[in-house]
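A structural walkthrough
Letter by letter, the chains look like this.
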Amino acid sequence: MSEIMTGPEVNLESWVDNIISKYPPKVAKKRRRHMVVREEGEAGCSQTIEANTRTVPGIISQRGCCYAGCKGVVIGPIGDMVHITHGPVGCGYYSWLTRRNMYKARDDKKNYMSYCFTTDMQDHDVIFGGEKKLAQAIREAAQIFKPAAISVHATCPVGLIGDDIHQVAKDMEKETGIPVMAFSCEGYKGVSQSAGHHIANNKLFTSAVGKVDEPQPEFTINILGEYNIGGDAWEIERVFEKCKIKVLSTFSGNMSYFEMEKSHNAKFNLVMCHRSINYLAEMMEKKYGIPWAKVNFIGPESMAKSMRKVAAFFNNDELTKRIEAVIEEEVENAKKGIEPYLKGLEGKRVMLFVGGSRAHHYQSVFRELGMEPVVAGYEFAHRDDYEGRHVIPTIKVDADSKNIEELKVEADPERYMPAIDEEYRKRLEEEGVLSNYDGMWADMGGGTLIIDDISHVELERLILDFKPDLVCSGIKDKYVIEKFGVPSKQLHNYDYSGPYAGFRGAVNFARDIDMLINNPAWKLARTPWKDRPFLNASLNS
Amino acid sequence: MSEIMTGPEVNLESWVDNIISKYPPKVAKKRRRHMVVREEGEAGCSQTIEANTRTVPGIISQRGCCYAGCKGVVIGPIGDMVHITHGPVGCGYYSWLTRRNMYKARDDKKNYMSYCFTTDMQDHDVIFGGEKKLAQAIREAAQIFKPAAISVHATCPVGLIGDDIHQVAKDMEKETGIPVMAFSCEGYKGVSQSAGHHIANNKLFTSAVGKVDEPQPEFTINILGEYNIGGDAWEIERVFEKCKIKVLSTFSGNMSYFEMEKSHNAKFNLVMCHRSINYLAEMMEKKYGIPWAKVNFIGPESMAKSMRKVAAFFNNDELTKRIEAVIEEEVENAKKGIEPYLKGLEGKRVMLFVGGSRAHHYQSVFRELGMEPVVAGYEFAHRDDYEGRHVIPTIKVDADSKNIEELKVEADPERYMPAIDEEYRKRLEEEGVLSNYDGMWADMGGGTLIIDDISHVELERLILDFKPDLVCSGIKDKYVIEKFGVPSKQLHNYDYSGPYAGFRGAVNFARDIDMLINNPAWKLARTPWKDRPFLNASLNS
Amino acid sequence: MLHHTPDEISERHALKINPAKTCQPIGAMYAALGIHGCLPHSHGSQGCCSYHRSHLTRHYKEPVMASTSSFTEGASVFGGGPNLRQSLKTIFQVYEPDIVAVHTTCLSETIGDDLPSIIKGAVEDKTVPEGKHVIYCNTPSYVGSHVTGYSNMAAGIVKCLCEKDETESKRINVIPGFTDPSDMRKIKGMLKEMKADFIMFPDTSGVLDTPQTAEYKMYPDGGAKISDIMRAGGSSLSLCLGRWSSEAAGVELEKKCSVPFKVLDLPIGVLATDRFVEAVSQEMGLPVPKSIRDERGKLVDMLTDYQQYLYKKKVAIFGDPDTVIPMTEFLLSAGMMPKHIITGTPGKAFDKRIDALMKEHGHDYEYNCSNSADLFYLHQLIKKEPVDLLIGNTYGKYIAAEENIPFVRFGFPILDRVGHSHFPKAGYMGGMHFISGVINTLLDKMDRDTPEDMTMELVA
Amino acid sequence: MLHHTPDEISERHALKINPAKTCQPIGAMYAALGIHGCLPHSHGSQGCCSYHRSHLTRHYKEPVMASTSSFTEGASVFGGGPNLRQSLKTIFQVYEPDIVAVHTTCLSETIGDDLPSIIKGAVEDKTVPEGKHVIYCNTPSYVGSHVTGYSNMAAGIVKCLCEKDETESKRINVIPGFTDPSDMRKIKGMLKEMKADFIMFPDTSGVLDTPQTAEYKMYPDGGAKISDIMRAGGSSLSLCLGRWSSEAAGVELEKKCSVPFKVLDLPIGVLATDRFVEAVSQEMGLPVPKSIRDERGKLVDMLTDYQQYLYKKKVAIFGDPDTVIPMTEFLLSAGMMPKHIITGTPGKAFDKRIDALMKEHGHDYEYNCSNSADLFYLHQLIKKEPVDLLIGNTYGKYIAAEENIPFVRFGFPILDRVGHSHFPKAGYMGGMHFISGVINTLLDKMDRDTPEDMTMELVA
């Protein structure tokens, strides 16, 4: 366990016991189940973690709500749509331009990213109902903007007062001739953003995907769960296009509504963020027979590995040659770009607490930089994101999640047409290429620590006891961590940098990590006269 | 004398007696001769003023030096030339871009306005002489910039150490093939900028004017003594072009060296700043027979009057009609533009202490704004600028000025060709149109006060005793005046506004004067609690 | 970026586009952070707390600690009482604050949770430890704006903490409006310079502008001390700096502790600061020290020295009433022309006050003033009547870029530039800092607009 | 605007183009203004005095009073003694200063006027009234730069005023380098916060940053008192803040009054300010108060919070040695990369010091550092090796515009923007003000460069 220890006396198990002792007994029992000290050996074989269960009230958590997962994460990035938040002003306001999911307007010039739309519900609406106002809001949006489509997102009060937003959507779609999708993603649903992902997936699948059939070239793929933070999707596309592979649509970074309607014509789905989008991948496979593979575009090695999955899937010598050629060239350039930073990063220890995938996705690139991920955990993931999909059957859905609808999907009589035959599919499955995700801790060796839905007090103790060189987290934690004098990397917004995905992104990432760890400004934090006794006196002045 | 009095008790004569009593007796006698309380009646008939004599050492004066008048005022504005200051770094540095004489590059794109060139003389040069360094500097300027021409300006030490800048100029002109003009404008020469004007005029006349003969259309004029501060020259040109009158060259605002070479081909010279350029006007008339008329482009009335002088000169019905039509249209627009400000300016009293012409030029426009010039004076003018050119014969040149060369000029055998016949010229002279300037105080009625080369203490007393609404001056006085809570208008740099000349300029001027006098910000100067007794106590804290 | 905004202004009855306000709870959370040792608590879904913490963090670039009742679907059906009780239990054991300040959300408000009795219960059964405090206020997100939330928490602080005290005293309470720590620090600074005895709350200085010392403090050194707030009931006067955000607390103090109150504007600009200094000087019988007079004179000096860049310049300004009102007065006193004056916060009193200011400055030109407005409307106004300068929070930059208007950031939030936490807009020095920004921004544009074949002005 | 500057750098031996310095006398005039009740006097042609007053006025936007010997051709032949005597007579009667500070010009230096004996004579025959002072220094314009002039006058002040005093004392003299009143005010502020007993001169705060009160004072309230300067001979240590502008005065104080001296950088940036605070704390045995520690921590916080906009950004910087050196160190400590570091003032020590700083920060990248350089050369360097940011005085804006480089104004002179007189660059707070300017300027450029079909970043 050496890599995490600051001194031989630190023992992870006792650290865990100590930290939970800070909670009231009942809370301690609950939190204990969210922490796993990894043993050597097979992933998940003997160890399990609790995840996707409610956060204890009063605990300071990183988590957001269902609305944030639906509107904020999955639907918001679709750039040629008008997204209307139905509720009081706040929710729409806070999710206005804050996630850095970048969008470039298509030929129709439609780009509503810099706009925020809300019904700004007032007490009158809460008392007498908000359906009329919502209908009128949709009418006004349609008249002023004529967007490709409109989405409606319910916030907490809407569910309670019983507005039927789906009926309103249906009526207004008829009236305006513009597709209107309604999402019942009230903030209190589920236990985190995760519920919102699922709700978003369902509606996209039923109302958008599959609307327009359009034959596509042989090597056409979709990328699922890639939100184009800091331009990641563009770097990924660049690489695939270089391999002459067409990326038909990306869910939902830089996504146009019209591309979404055709997405089912792709041959293969690549799943980046397993947590937020695996529902859609599953449903598209069931209905249209599109196989999917889990990928990771972060870091040259993972990127190359992901590209080889595509090569394996299409199983075409020409294509495979192209892909290998591109990999060779790009990896070399990336290594050249990263090389200067390696010396300064060697052996640095990093902790990652973020999202439902990123805390895993970034581990390999850190290792490529010579750094050691020692503690990690997700904010809103499920057990399979830790332990691997094989545990899914063993996961019991609790009261908080059971109300999130599971769609029954059947193969489409006309349009179910897998690009590869059953036998080859089976083989790829067995090889772990298709429909498979081993989860985070397959990549985390013994002596590391996994903490799900980390709380503030746990984060504090980790920093004080283990003095990491870097902690990856989000905006709420960033300045907490840095006040300890420890640099923090935001893996939601990349600290307004990027792209980090793909080959060129890896170089940007290395450059930024070098800054966080080697910027001399950090050395200034401690005052030169700090420990002068006669000076400390003044501290109480 | 009511217009200047703040109360019946104020008597100008006794004010003057009082102010000079602040000086040592000898100084008092000198200063007294620079002050005139205007009596009713004929200009200059009974009264004379002393001007263009040395400032008493220790007196805080507005005046600058000979170099400033030569390089800063007359030569600096020529935009396609490289102007090299030969001396220590300061003089070149301080005259770098500080006078707002604007220049637009011609087709050759040459515009060196934003460059400052100096030989940055070091002690070694002072001891061993700076001629070699100067020659090398010219060489480098020629090689790097290939300007239309080069000027060299001597500062104080140069004269003392005896560098022969004229020989160096001649040699380098031969070597580089680029015209090089040298000016012995050491700062100690004369008693103010005025000496520098004269030195500049002489050299321009002998080395630039008349170099290129080129036939010009019938109605071609030069404008002399217009430096295009804030774009004045462009507004003036606009108006003349509207009358189909060609402005061949403007000395020296927005002036190109090549236009200067042809300037003697014009038919008529208009003199704006009499003080700085009348030498050139005289010499051009003597040598080329180009008559000149004093004009004033400041304020619609003066502008119209000046245009009518041009009409009178060319004496062509077509042209006269055009001019009158333009005047009618432009005056109407100007009045429209000015009208909104009149109410706020009615009866405000203004003092003007600036330059060698502006303190006079701006009086008529103030009167058009309904304001009263009550005290005025020049910084570096001669008696004729106050009393009128008729006193020139009576002016005795003192020791400080006698070293400024008076060129002997004769009519050019081939090129002396006046555009009007002698008889008509005489008539225009008798009518005061040609070769005539009545000076400032022809326009200043009885009970006003004239102060030449005003000193700081005099300015202070004027403000305290007469509480003017506005004082026009320069950068050194501006903030002194305004600390009294009295707005100050800079008439050298227009407070970075403009143009003020011509018809459109008059509207800008009205707008800016309105601001100075009616900006509510001035009301904030006095604290609300100022006179609260128990608060004043604290003033001594 | 805002290409889709049409020039034509069409009436909208339901759709708010690019709001100029947000919801109450964030204001309550911010006010609660102005108490030393306080953990704000959001009684609602996790998302609210997460959004508010994130948003405040983006504005202050500082840790913003707060907890939540983490409502689930169950709680929203059966009520959030148990969640709040569980929260208090956990918070006091784990995070050890001196005080917890609870505010509601649209969820708990719609359910109708009865905070007083829940908290009363928690106190009685010692879920709230001895000597610890739990205060609260109601902040329904569907009423008012973030400013209302701040006001409600300020009043809640009074309601829950201040104690009546009849003993004679010459001391003022200062309740600053919703503004940055830098402003609160500056206001305290002026009071100290005047040697006034005062109690100020909320006070976020020292809480949301903390130093980097490599030592994290969950409860930073700053903030109003609970003991001081309690004593506020014994002061001789309350100065409420901002009708929208601070009057309610003053009213509450009068009602509960019979301390009279005076409502003033936030001391932004010359005149509003004059009134503040005046009020303190009068109430406390204190002189105005030279240091303050000099600072004032320097601001006025700047206004007159650079008047040619300010006078009659048309300005569009938006933000919160308590900051926009004195800023509008500041602009008028500097000879500028506010043309479009917008707040997202509802309240006709805003329009009335702006109209009054225009009259006081003897203006009869046309201007647009409106409350409950959004930035989409402001943008359309600007398209119809262009301005020389836009003043407002970060969101204004999209309008400024689209219309190529010089833009100066002002108010809440400023997410994309640095400085507001440390350089005040309040007080005379704050006025200098702000107006320098205006002048320099206008000069930048002049320089940028200089034609290629000419030369930029050297001197301004 | 600078279209004619070729990319190719050609050697120049004689022609200086766009100087990065000016002549000595203006520095002497500025230093003299740092004495209360002082009228600076320029012994030379009228033009010098007029140019210096104008230039200082453009930088400070304040009255700058000074008199001149008004040399004529006669005087320049026969010597300026009579002019100086006449000047003193007139000045003391008409303008009633407490003290006149005479400096020479290239003219009087070339002539070789003997100031000491002229002034001695004037004192003896009572041309200088009882109780009034006349001090002087030599400032040949053809040696050094404006910085040298400041240094010579600072030393002249010591030579003419300070008196030896052996009685024990714990008091420091602070001789600030050539910098703005805001910096001098800030330096005094830190000394007061530390409760240090000190005498500071020259001190232009309160002289060149005066309020607008509608009451003109020819001799403003500020400036170092003559009586204090005289007592400086009895202090226990002199801190010379700037080797180029203040060391000479320290040397003089040691020679004349045997007060030891220490040369420090101007307290610009974290490290230089640390050394200043440290030196005061050590010499006076005083603790560093929390207020100063907090201010420091806030500056460091800003450097780390916004590091992504600063780290490894290439910078070109020019100005005076005493400001450029600590600023270069500041940039290095913030992780930036100074590439071109230029001063117009001569002195190899400048290059040596910059090289040392680079080593201290473990840099091995290529950079250009040069003294006695001009802006034409700097521009050519930038064309050869582009930078992300330019830092320097007003004249830098023409380079910035030509090369489309973000530009932050720093040093002397700043003629075209407002703020430097009131917002210091010295001290930790000054560092925050400066670095906010850098960050916001870089962010402005990022926003401007956002492609039309995309959206500007909301958060930074």
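In terms of residue burial, helix 16 (residues 375-384) of chain D counts as a mostly covered element, since seven of its ten residues are buried. The set of residues buried in helix 16 of chain D consists of Leu375, Phe376, Leu378, His379, Gln380, Leu381 and Ile382 of chain D.

Bringing the relation of the copies chain D and chain C into the picture now. Expressed as a screw operation, the relation of chain D to chain C combines 0.0 Å of axial shift with a rotation of 180 degrees, fitting to an RMSD of 0.0 Å. On this basis, the relationship between the two copies can be described by a two-fold rotation axis. Most of the interface of chain D is mirrored in chain C, where 100% of its interface residues again form contacts.

Residues and elements named next belong to chain B. Pairing within the open sheet is parallel, and its four strands lie in the order 7-6-8-9. If you trace the sheet from one side to the other, it starts and ends with strand 7 (246-252) and strand 9 (292-294), each paired once. Shown here is a sheet whose adjacent strand axes are inclined to one another by a mean of 20 degrees, direction ignored. The pairing of strand 6 (residues 220-226) with strand 8 (residues 268-271) spans four bridges and is classified as parallel. Within strand 8, the position partnered with Asn222 by the bridge is Asn269. Contacts from helix 13 (residues 300-314) reach strand 6, strand 8 and strand 9 within the one sheet, and its direction differs from that of strand 8 by about 160 degrees.

Each side of the interface is counted separately: chain C has 75 residues, and chain A has 79 residues. Roughly 6600 Å² is buried in total at the junction of chain C and chain A, and carbon and sulfur atoms are behind 63% of that figure. Where chain C meets chain A, there are three salt bridges. Note that Lys21 of chain C and Asp120 of chain A form a salt bridge whose closest N and O atoms lie 3.0 Å from each other. For the side of chain C that touches chain A, the elements supplying multiple residues, two or more each, are strand 1 (16-17), strand 2 (38-43), helix 2 (46-60), strand 3 (67-68), helix 3 (73-78), helix 4 (81-94), helix 5 (106-111) and helix 16 (375-384) of chain C. Element by element, the count of residues in the side of chain C that touches chain A is highest for helix 2 of chain C, at ten residues. Pairing geometry for strand 3 (residues 117-118) of chain A and strand 1 of chain C, over two bridges, is antiparallel. Residue pairing for strand 1 of chain C: Thr118 of chain A is matched across the bridge by Lys16 of chain C.

Taken together, the 53 residues of chain D in the interface contact 53 residues of chain C. Contact between chain D and chain C buries roughly 4700 Å² in total, counting both sides, with carbon and sulfur atoms accounting for 59%. Of all residues in chain D, Arg417, Val418 and Leu458 of chain D bury the most surface against chain C, accounting for 15% of the area lost on that side. Where chain D touches chain C, the interface holds twelve salt bridges.

All names here are of chain A. Here helix 13 (residues 300-314) crosses helix 14 (residues 317-345) at 175 degrees, and the two axes come no closer than 10 Å. Taken as axis vectors, helix 13 and helix 14 run roughly antiparallel relative to one another. Packed against helix 13, whose contacting residues are Pro300, Ala304, Met307, Arg308, Ala311 and Phe314, the element helix 14 presents Leu319, Thr320, Ile323, Glu324, Val326, Ile327, Ala334 and Ile338 at the interface.

Before going further, it helps to examine the domain arrangement of chain A. Residue and element names in this part refer to chain A. Domain assignment breaks chain A into domain 1 (1-62 + 346-388 + 439-492), domain 2 (66-207) and domain 3 (215-341 + 411-436). Taken together, the contact between domain 1 and domain 3 spans 15 residues of the former and 17 residues of the latter. Overall, the association of domain 1 and domain 3 removes approximately 1200 Å² of surface from exposure, summing both partners, and the carbon and sulfur fraction of that is 52%. The tally of links between domain 1 and domain 3 comes to two salt bridges. We note a salt bridge from Arg275 to Asp384, for which the minimum N-O separation is 3.7 Å. Taken together, domain 1 and domain 3 are joined by nine residue pairs in polar contact (both at pLDDT 80 or more). The greatest single-element share of the side of domain 1 that touches domain 3, amounting to six residues, is contributed by helix 15 (residues 358-368).

Cut-off values and rules
The residue count restarts for each chain, going from 1 along the sequence in the order it is written. Just so you know, chain letters begin at A and ligand numbers begin at 1, following the order they were written in. Totals for whole chains, interfaces and linings use all residues, but because this is a predicted model, local features are given only for residues with pLDDT of at least 70 and pairs of side-chain atoms are given and counted only at 80 or more. The side-chain quantities take in all heavy atoms of the structure and omit both hydrogens and water. Between buried and exposed lies partly exposed: a residue is buried under 20% and exposed over 50% of the maximum accessible area for its type, with that area taken using a 1.4 Å probe on protein chains only. For the purposes of this entry, the term helix denotes a DSSP run of H or I that reaches at least four residues, the term strand denotes a run of E that reaches at least two, and both are numbered from the N terminus. Copies are brought into register by a least-squares superposition over C-alpha atoms of residues with pLDDT of at least 70 in both. Here a residue-residue contact requires only that any non-hydrogen atoms of the pair lie within 4.5 Å. In this scheme, strands are said to pair when DSSP sees at least two bridges between them. Comment: axis = line fitted to C-alpha atoms, over the contacting stretch for helices; angle = value between 0 and 180 degrees taken between N-to-C directions. Each of two parts loses accessible area, computed with a 1.4 Å probe, when they are put together; buried area is these two losses added. Every case where a carboxyl oxygen of Asp or Glu lies within 4 Å of a side-chain nitrogen of Lys or Arg is listed as a salt bridge. In these notes the angle categories are as follows: under 35 degrees is roughly parallel, over 145 is roughly antiparallel, 65 to 115 is roughly perpendicular, and the rest is oblique. Where each domain starts and ends follows an automatic or database-derived domain assignment. Two N or O atoms count as a polar contact when they lie within 3.5 Å, although within protein this holds only if one can serve as hydrogen donor and the other as acceptor, and sequence-adjacent residues are included solely when both atoms are side-chain atoms.

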